[in-house]
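Here are the chains, one letter per residue:
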Amino acid sequence: QVQLVESGGGLVQFGGSLNLSCVASGMISTIFTMGWYRQAPGKQRDLVALIRRDGTRTYADSERGRFTISRDDARKRVHLQMDRLKSEDTAVYYCNADIQIPGYRPPTNYWGQGTQVTVSS
């Protein structure tokens, strides 16, 4: 069974930084696109950033220039470096990945359980 587990969330002051990590475990053949989404109370879950297998990245406009996504395929990890944090960045951050398991051709989309990020003003 494939699992995604996030870490690195917490409480940070306005203008501070946090680094989120997500590790994939289980019977994994290939990890394709990996990404981060976030959901604030009462709002929908939105894309923060994603990184494809070839290394190309996509960022939401509000995060461009402040957040950096990276991946370590050897360790099956994806990271999100968040700088110059604002109050509106407060949300639960979810890891997401398209993962192919051995013997099954199409990749399946997986979600982590989420990690809380709170930015205090």
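Residues numbered from 1 in each chain as written. Predicted model: local features only at pLDDT ≥ 70, side-chain atom pairs only at ≥ 80, totals over all residues. Heavy atoms only, no water.

Draft legend 1. Representation of the side chain of Glu 6 within the structure. With respect to the helices and strands, Glu 6 occurs in strand β1 (residues 3-7). Notably, Glu 6 is buried but unbridged: the nearest opposite-charge side chain belongs to Arg 45, and the N-O separation is 7.5 Å. A distance of 3.0 Å separates a polar atom in the side chain of Glu 6 from the backbone nitrogen of Gly 114. Residues within four places of Glu 6 in sequence aside, it is in contact with Ser 21, Cys 22, Trp 36, Tyr 93, Tyr 94, Cys 95, Gly 112, Gln 113, Gly 114 and Thr 115. (Helix = DSSP H or I, 4+ residues; strand = E, 2+ residues; numbered from the N terminus. Buried < 20%, exposed > 50% of the residue type's maximum accessible area, 1.4 Å probe, protein only. Lys, Arg positive; Asp, Glu negative; His and termini not counted. Salt bridge = Lys/Arg side-chain N within 4 Å of Asp/Glu carboxyl O. Polar contact = N/O pair within 3.5 Å; in protein donor to acceptor, adjacent residues only side chain to side chain. Contact = heavy atoms within 4.5 Å.)

Draft legend 2. Here's a closer look at the packing of aromatic side chains. Evaluated as defined, the whole model comprises two aromatic pairs. Each member of the aromatic cluster is reached from another via a ring pair, and the members are Tyr 37, Tyr 94 and Trp 111. Lying across the ring of Trp 111, Arg 45 places its NZ or CZ 4.6 Å from the centre. (Phe/Tyr/Trp six-rings, centres within 6.5 Å; stacked < 30°, edge-to-face > 60°. Lys NZ or Arg CZ within 6 Å of the ring centre and 35° of its normal.)

Draft legend 3. The nonpolar core, seen in detail. Among the nonpolar cores identified, the biggest contains 29 residues, and Trp 36, Leu 80, Met 82, Tyr 93 and Ile 99 are the most heavily contacted of them. Mapped by element, the contributors of at least two residues to this core are β3 (18-25), β4 (30-39), β5 (46-51), β7 (67-72), β8 (77-82), β9 (91-100) and β11 (115-120). Contact partners of Tyr 93, with chain neighbours within four places excluded, come to Glu 6, Leu 20, Trp 36, Tyr 37, Arg 38, Val 48, Phe 67, Leu 80, Met 82, Gly 114, Thr 115 and Val 117. (Core = buried A, V, L, I, M, F, W, Y, C linked by side-chain atoms within 4.5 Å.)

Draft legend 4. Structural context of the pattern of salt bridges. In the structure shown here, the tally under the stated rule is five salt bridges. Across the salt bridge formed by Asp 89 and Arg 38, the nearest N and O atoms sit 2.9 Å from each other. Here Asp 89, found in the loop between β8 and β9, pairs with Arg 38, found in strand β4; they are 51 residues apart in sequence, far enough to count as distant. A relative accessible area of 0% means that Asp 89 is categorised as buried. Between Arg 66 and Asp 89 there is a salt bridge whose closest N-O contact spans 2.8 Å. Within this pair, whereas Arg 66 is found in the loop between β6 (57-59) and β7, its partner Asp 89 is found in the loop between β8 and β9, the two being separated by 23 residues in sequence. Across the pair, exposure class does not vary: Arg 66 and Asp 89 are buried alike. Residues joined by salt bridges that share partners form a network here, namely Arg 38, Glu 63, Arg 66 and Asp 89.

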